[in-house]
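Observations on the model geometry
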2 protein chains.
Amino acid sequence: MSARADRLADRLPQAGIDVLLVTNLINVRYLTGYTGSNGIALVGSDLRTFITDFRYVVQAAEEVDPGFDRRRSAQHLLEGVDEALETGGLRLGFEADHMSVSEHARLRELLSRNELVATSGLVEDLRAVKQPEEVAAIRTAAALADEAFAELVGGGLTGHTEHDLALRLEYEMRRRGAERPSFDPIIAGGPHGALPHARPRDEKVRAGELVVIDWGAQLDGYCSDCTRTLATGDIDSDAVEVYELVLEAQLAALEEVEPEAVGRDVDSVARATITAGGHGEHFGHGLGHGVGLEVHEAPRLSQLSDAVLAPGNVVTVEPGIYIPGWFGVRIEDLVVVTADGCEILTSVPKELTVVD
Amino acid sequence: MSARADRLADRLPQAGIDVLLVTNLINVRYLTGYTGSNGIALVGSDLRTFITDFRYVVQAAEEVDPGFDRRRSAQHLLEGVDEALETGGLRLGFEADHMSVSEHARLRELLSRNELVATSGLVEDLRAVKQPEEVAAIRTAAALADEAFAELVGGGLTGHTEHDLALRLEYEMRRRGAERPSFDPIIAGGPHGALPHARPRDEKVRAGELVVIDWGAQLDGYCSDCTRTLATGDIDSDAVEVYELVLEAQLAALEEVEPEAVGRDVDSVARATITAGGHGEHFGHGLGHGVGLEVHEAPRLSQLSDAVLAPGNVVTVEPGIYIPGWFGVRIEDLVVVTADGCEILTSVPKELTVVD
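Residues numbered from 1 in each chain as written. Chains lettered and ligands numbered in written order. Predicted model: local features only at pLDDT ≥ 70, side-chain atom pairs only at ≥ 80, totals over all residues.

1. Describing the relation of the copies chain A and chain B
Let me state the cut-off plainly: The fit set for superposing copies consists of C-alpha atoms from residues with pLDDT of at least 70 in both; the fit itself is least squares. Once C-beta atoms are placed from the backbone, any two residues with those atoms within 7 Å are in contact.
Taken as rigid bodies, chain A and chain B are interconverted by a rotation of 180° and an axial shift of 0.0 Å, the fit giving an RMSD of 0.0 Å. Taken together, the rotation angle and the small translation identify this as a two-fold axis. By C-alpha distance to the rotation axis, the residue of chain A lying nearest is Ser100 of chain A, at 2.0 Å. Of the interface residues in chain A, 100% have counterparts in chain B that sit at the interface too, so the contact is made through matching surfaces.

The following block contains the structure:
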């Protein structure tokens, strides 16, 4: 864990700062291991300090990497920063994407002897490249989610409401040890599947329609993310064609996921396949996103993404076709970029599957 | 719903602004009804504008109060603000507690002709006083949570792990229609109950101990919150004495909850009772907090709170005694301040109850 803070410290000179004040709790967790709800970290070349309040002292003693000096402060933790820095004249970076204007004003009042410098994405960039133990955690979360999915589908979809199926899927993940779902599961049958962010309804899944299921488990803080589209009986040939087109696009994009590939280029491969099939205007979202301690993080695979993939990136590959008022198809895998390509972490079959 | 924006507009002159830019999604929901994940609102004396991106246009059409002009913008919604304001020379308030330093810098770039003014708590102050339909929503959430609790306890606690009991309780709330729990439920047996923020463990509840259960349901966005401490068989007389002391403090504090009462004074009544009983140092948190669209909101009942209670405030009253290494007791009700006192919204009995 300490190695993470070391890597961060190595990057500080390039960012023009001496010390980074880490206030985003997910970044704090990444660097220190702390999972509570009030804690901050200071990282400099020779500085590793974690600060929390009295409520979390016991938890911090158990969780926080021993490479960090652990301190206790007033409940408003920013009050402890100046003292922890010990000296003046420092350029102190703060996380401008996560600190509110109010907190920033307060911090400026509290720090008389050090200069505040806005930074963006320093820890997030580190987080984008997973260490082997992180990939292992995501792999375990994905396997757990896959098992829960198999259990759900084994019980049949037709005749159950989307809401009840989503609840069951969530329960099956929790029962297997997931802390929570990575996000509220999507179960969307028939025309409802044409909404990429559909919420499960109190409507029963019918026989002979396509059902989009998008779900993930969070385990030890790490998320999984997967989508499958299943058929509840015979579906018409147009829908089968669309399914095969999405699958073709997904497989083509997976071929492109490798070190040095650029996010926008990977997106383009899937998009070109879908456009050639006549459904370009029905694929209204990006191809994929990074997954880790958050279910949406760097790097992105989209038409606007300059991200250059590197071994250890974990990303989703999830093209979709959404035909308003009719149906939707999305097929999503979670993959880790390897030395020469990628490895798929999700294991559910992708050929069109008919279920009860 | 429109009435809420009207009340907000009435307060803007006093805050020294012409228009408030509302970016906090819970505040946006309160004012407009929108429940999606990307939306902002502008409220001025004659201005009611809601802005979202293409992904949420359908949802906004269904949800957003028709008193608001609905607009569609680029995905980075702040880009739509200047155009929606139409004129220049305005003092535009922003929510400084919720807007990041990065967003603020971006907004400053985008707004050439209007002045930005930091504000704090304008919508939160409105939210602290619930309208009748909000109290009704909280009442329904509390009743649902109480039913789930009865179901859980009816199945017995002893021999089940805290984790499994928490999962069951959550499931029983979800099955009854809760969107989610208000927070991760706490089930803490024996010495674990001495941690006010205990997380459920993979340890079985034993016979003859006190078990702290703190739970709530979220329904139509509104939260409930309740705590009971149950005995799994005979417990020793010291523990019974502590239980009775907490209950006495809780009942005394409830007597003080009425219009014009000050947060700190209500806290003091419970604290004085517990201190007189010799456990002052074992009550390490505030007496209570407001509950609504968030499970922790204004007003607070604590030693530092200047809040003056008013009819429509919904607050918890939850004294506790925590004896490290031995046990904890907390008894919490959710109440609404009425014209001449308060009404309790939680219905689970409070006398010391022995369960399996």
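2. Here's the deal with the interface of chain A and chain B
The test is simple: For the purposes of this entry, the term helix denotes a DSSP run of H or I that reaches at least four residues, the term strand denotes a run of E that reaches at least two, and both are numbered from the N terminus. Think of it as three bins: nonpolar holds Ala, Val, Leu, Ile, Met, Phe, Trp, Tyr, Cys and Pro, charged holds Asp, Glu, Lys and Arg, and polar takes everything else, Gly as well.
Listed by partner, the interface residues are 16 residues for chain A and 16 residues for chain B. At the level of secondary structure, the elements contributing two or more residues to the side of chain A that touches chain B comprise helix H5 (101-110) and helix H8 (162-175) of chain A. Per-element accounting of the side of chain A that touches chain B gives the leading share, four residues, to H8 of chain A. Counted by class, the side of chain A that touches chain B contains six nonpolar, six polar and four charged residues.

3. Considering unusual backbone geometry
Residues and elements named next belong to chain A. In this structure, the amide linkage connecting Ala298 to the following residue, Pro299, adopts the cis form with an omega of -5°. Topologically, Pro299 is positioned in strand E14 (residues 297-301). Non-glycine residue Glu260 carries a positive phi angle of around 80°. In this fold, Glu260 is placed in the loop between helix H9 (237-256) and helix H10 (263-276).

4. Section: the sheet that holds strand E10 (residues 217-219) of chain B
Residues and elements named next belong to chain B. What counts here: Paired strands, as defined in this entry, are two strands with at least two bridges between them according to DSSP. Angles here are taken between N-to-C directions and fall from 0 to 180 degrees, while the axes themselves are lines fitted to C-alpha atoms, restricted in helices to the stretch in contact.
Read across the sheet, three strands follow the order E7-E10-E11 without closing on themselves; strand pairing throughout is antiparallel. The open sheet has two edge strands with one neighbour each: strand E7 (180-181) and strand E11 (222-223). Bridge count for E7 against E10 is two bridges, and the pairing is antiparallel. For Pro181, the partnering residue across the bridge sits in E10 and is Ala217. Sitting on the sheet, helix H7 (residues 132-154) is in contact with E10 and E11, with an inclination near 135° to E10.

5. A look at the pairing of strand E5 (residues 91-95) of chain B
Residues and elements named next belong to chain B. Filter applied, for reference: Exposure criterion: with C-beta atoms placed from backbone coordinates, a residue whose C-beta has 20 or more other C-beta atoms within 10 Å is buried, one with 12 or fewer is exposed, and one in between is partly exposed. Place the viewer so that the strands point away; then a crossover is right-handed whenever the path from the first strand over the helix to the second strand goes clockwise.
Counting buried positions over the five residues of E5 gives four, a clear majority of the element. Examined bridge by bridge, strand E1 (residues 19-22) and E5 share three bridges and lie parallel to one another. Counted as the bridge partner of Leu20 is Gly93 from E5. One ladder, built from five bridges, connects E5 with strand E6 (residues 115-119); its direction is parallel. Bridged to Gly93 within E6 is Val117. Between the parallel elements E5 and E6, the chain passes through helix H5 (residues 101-110) in a crossover that is right-handed.

6. Topic: the environment of Thr161 of chain B
All names here are of chain B. Note on placement: Thr161 falls in the loop between H7 and helix H8 (162-175). Given 16 C-beta atoms within 10 Å, Thr161 falls into the partly exposed group. Taking C-alpha positions, Thr161 is 9.5 Å from Gly189, a pair spaced 28 residues apart along the chain. In contact with Thr161, other than residues within four places in its own chain, are Asp202, Glu203 and Lys204.

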